[in-house]
Amino acid sequence: MLLQFRKMNKIQSLCKWRNGLIGIILLILFAVNSKAQTLDLQEIKQLSYKQFELQSGNSTYEAYLFAEGGKKQVVSQENGLSWAGADIGDTIVSGDLKIAYGLKGSNQYKVFDLFTGDSETTLNMTRNYINVMSNNSQGISDFLTIYQPHGSSNGDLFVYTIDNRSMKKVQFLRNNKIFDSKEVLRGNTDEDRVEFSGLGGLKFKSISFNNAELCGYYMEIYRYNPKTIRLEQSGDAIRCLYLDQCKGYPYTKPYPITDKEAKELIVSAYSWLQECLTAFESTVPDDNWLCPSIYPDTKSLEMALEIYWSKDYTQKLLGKYKNNFVEKAGKLYIVLGDFGLHYYLEDSEIIKVEDYGNKKKIFLKARREGEEIRDTITFIIVFTNRGWVLQDGGSDPLL
């Protein structure tokens, strides 16, 4: 009887311990998931760092950026908070940042975690890095864009929208891979300007910059897919000589280009040509004369060359060196060897430029490789819907 009583006490104790543990777990989960929901709308407004409105269909939503227990600080020399995206005097906030949103005029709201997995995130509230992009003319919900600089030029752009009455992250689909953000440039003259804009027809343009490359501005076009809530890459990235060319896309009429810029285009085109034709992976070649290219096939190489070269010239070039390219096992291999760059164009002298509106003929006095002899050579640049590109001329050294 005593043994049975002790067993009953033990069972009851275990049950109490188990129920208590479950209760603690539920309490923690409830506190984590619903802590923000215990705040009323007025408290949310008092906590918010920024307020804005988002249009979705015929509905207008009020949204509030806030963080429970977050920090709000002014950058100074003393606190050492100055970084690539914040100067002295800027106000930055940090914490577990969220968006509270609800129909305009309603006291009901939902809470959305902006940066899932990051317990603390920092945003600059002084700069124009948090914006609402109106998409009313395109028939889709507005975009909330949040930019986080991570260097002197570029940063990560996060995009959000309201779909089916719920806020969702808009992901980027590029090269069959999904990304939560897109690296974009902020303007050189206006550091508050983030280079992401709408083109119409559900298309959006982003510009990024790579300062490790010659004239390394890249433009990419994305088309928004309302079904998948994604910005899907539309076409290939376009490498631009100047930032102004990126802003001019799509090109409808020739924009002015100086003689010096025409020469720079020629030099850049030849540098890009050599870069494309010698862009090998750092893997061991299959044999002594083949080296694997970073391009999967000749079509990809062709598209890369057409960033600076005309379609006609690219076809002639690939035709002339067709024996240098071998496709096998889903990889393009390039035969090592000389592709015929015979002049030093960087130190060439401009003799004259003949202007024909959408075509220019440039005469250069250039030194031959390995020699002091200088020849007069000519190049033709033409205007296309991709901007100014180089076309072969009568004394083109490659063909």
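The text that follows walks through the structure, step by step, so that each part is easy to find. Treat the numbers as computed from the prediction; the structure is a model and nothing was measured. Per chain, residue numbering runs from 1 following the sequence as it is written. The model is predicted, so local features are restricted to residues of pLDDT at least 70 and side-chain atom pairs to those at 80 or more, both for listing and for counting; the totals for chains, interfaces and linings are taken over all residues. To obtain the side-chain values, all non-hydrogen atoms of the structure were used and water was disregarded.

1. What to know about helix α5 (residues 298-305)
Within an α-helix, residues lying three or four positions from one another point in the same direction, as the helix has 3.6 residues per turn. The cut-off we apply is this: Relative accessibility thresholds used throughout: buried, under 20% of the residue-type maximum; exposed, over 50%; partly exposed, between the two (1.4 Å probe, protein chains only). In this description a helix means any DSSP run of H or I spanning at least four residues, a strand means any run of E spanning at least two, and both kinds are numbered starting from the N terminus. To obtain the arc, one takes the directions from the helix axis to the C-beta atoms. A contact between two residues is defined here by any heavy atoms of the two lying within 4.5 Å.
Listed as buried for α5 are Leu 301, Glu 302, Ala 304 and Leu 305. The arc enclosing the buried residues of α5, seen along the axis, measures out at 160 degrees, which places them on a common side. For α5, the elements touching its buried residues are α4 (259-277), α6 (311-320), β20 (325-328) and β21 (331-335).

2. Observations regarding the nonpolar core
To be explicit about the condition: We call a set of buried residues a nonpolar core when its members are Ala, Val, Leu, Ile, Met, Phe, Trp, Tyr or Cys and they connect through side-chain atoms within 4.5 Å of each other.
Judged by nonpolar contacts, the single largest core of 36 residues is most densely connected at Ile 266, Leu 301 and Leu 345. Mapped onto this core, the elements with two or more residues apiece are α4, α5, α6, β21, β22 (343-355), β23 (359-368), β24 (374-384) and β25 (387-391). For this core, the element with the highest residue contribution is α4, accounting for 10 residues. Discounting residues that sit within four places of it in the chain, Leu 345 has contacts with Lys 263, Ile 266, Val 267, Tyr 270, Ala 366, Ile 377 and Phe 379. With 21 residues, the next largest nonpolar core counts Leu 54, Ile 99, Leu 123 and Ile 146 among its residues.

3. Observations regarding the packing of α4 against α5
Short version of the rule: In this analysis an axis means a line fitted to C-alpha atoms, helices contributing only their contacting stretch, and an angle means the value between N-to-C directions, from 0 to 180 degrees. Angle categories: roughly parallel below 35 degrees, roughly antiparallel above 145, roughly perpendicular from 65 to 115, and oblique for all the rest. A clockwise turn of the near helix away from the far one marks a right-handed crossing, whereas an anticlockwise turn of less than a right angle marks a left-handed crossing. Each residue gets one of three labels, nonpolar for Ala, Val, Leu, Ile, Met, Phe, Trp, Tyr, Cys and Pro, charged for Asp, Glu, Lys and Arg, and polar for the others, Gly among them.
Where α4 meets α5, the axes come as close as 10 Å, and the angle between the chain directions of the two elements is 165 degrees. One finds that α4 runs roughly antiparallel with respect to α5. Seen from above, α4 lies across α5 with right-handed handedness. Contacts between α4 and α5 involve Trp 272, Leu 273, Cys 276 and Leu 277 from the first element and Leu 301, Ala 304 and Leu 305 from the second. Taken together, the residues of the contact of α4 with α5 sort by class into 7 nonpolar, no polar and no charged.

4. Some remarks on the packing of α5 against α6
Running from N to C, α5 and α6 cross one another at 135 degrees; their axes reach a closest spacing of 10 Å. In terms of orientation, α5 and α6 fall into the oblique class. For the element pair α5 and α6, the recorded crossing hand is right-handed. Contact residues: α5 offers Thr 298, Leu 301, Glu 302 and Leu 305, while α6 offers Thr 314, Gln 315, Leu 317 and Leu 318. Class assignment of the residues belonging to the contact of α5 with α6 gives a composition of 4 nonpolar, 3 polar and 1 charged.

5. Considering the sheet that holds strand β6 (residues 110-113)
Test applied: If DSSP finds at least two bridges between two strands, the strands pair.
If you walk across this open sheet you meet the 4 strands as β1-β2-β5-β6, and the pairing is antiparallel. Here the strands that pair on one side only, and so sit at the sheet edges, are β1 (50-56) and β6. Looking at each pair of strands side by side, their axes are set apart by 30 degrees on average, direction ignored. With 6 bridges joining them, strand β2 (residues 59-66) and strand β5 (residues 98-103) adopt antiparallel strand pairing. Across the sheet, Tyr 64 pairs through a bridge with Ala 100, a residue of β5.

6. Details of the sheet that holds strand β7 (residues 121-124)
An order of β3-β4-β7 is seen for the 3 strands of this open sheet, with the pairing classed as antiparallel. Single-partner strands in this sheet number two, and they are β3 (71-74) and β7. Here the average twist between neighbouring strands, direction ignored, is 20 degrees. Across 4 bridges, the pairing between strand β4 (residues 91-95) and β7 is antiparallel. Following the sheet pairing, Ile 92 is matched in β7 by Asn 124.

7. A short note on the pairing of strand β17 (residues 230-233)
Two faces, one strand: in a regular strand the side chains alternate between the faces of the sheet. In this structure, strand β11 (residues 166-174) lies alongside β17, joined through 3 bridges in parallel fashion. Counted as the bridge partner of Leu 173 is Glu 232 from β17. Of the pairings in the sheet, the one linking strand β16 (residues 217-225) to β17 comprises 4 bridges and is antiparallel in character. Each bridged residue has a counterpart across the sheet, and for Tyr 224 the counterpart in β17 is Leu 231. Count of turn residues in the β16/β17 antiparallel hairpin: 4 residues, of which Ile 229 carries a positive phi of about 55 degrees.

8. A word on the environment of Asn 131
Heads up, the condition is: Here a polar contact means two N or O atoms within 3.5 Å. Within protein one must be a hydrogen donor candidate and the other an acceptor candidate, and residues neighboring in sequence count only if both atoms are side-chain atoms.
The residue Asn 131 is located in strand β8 (residues 130-133) in this model. Residues Asn 131 and Thr 145, 14 residues apart in the sequence, show an inter-C-alpha distance of 5.3 Å. A distance of 3.0 Å separates a polar atom in the side chain of Asn 131 from the backbone oxygen of Asn 128.

9. Focus: the pairing of β4
For β4, the tally of buried residues reaches 5 of 5 residues, placing the bulk of the element in the interior. Neither face of β4 is exposed, since Thr 91, Val 93 and Gly 95 on one face and Ile 92 and Ser 94 on the opposite face are all buried. Across 4 bridges, β3 lies against β4 in antiparallel orientation. What sits directly across from Lys 72, in β4, is Val 93.

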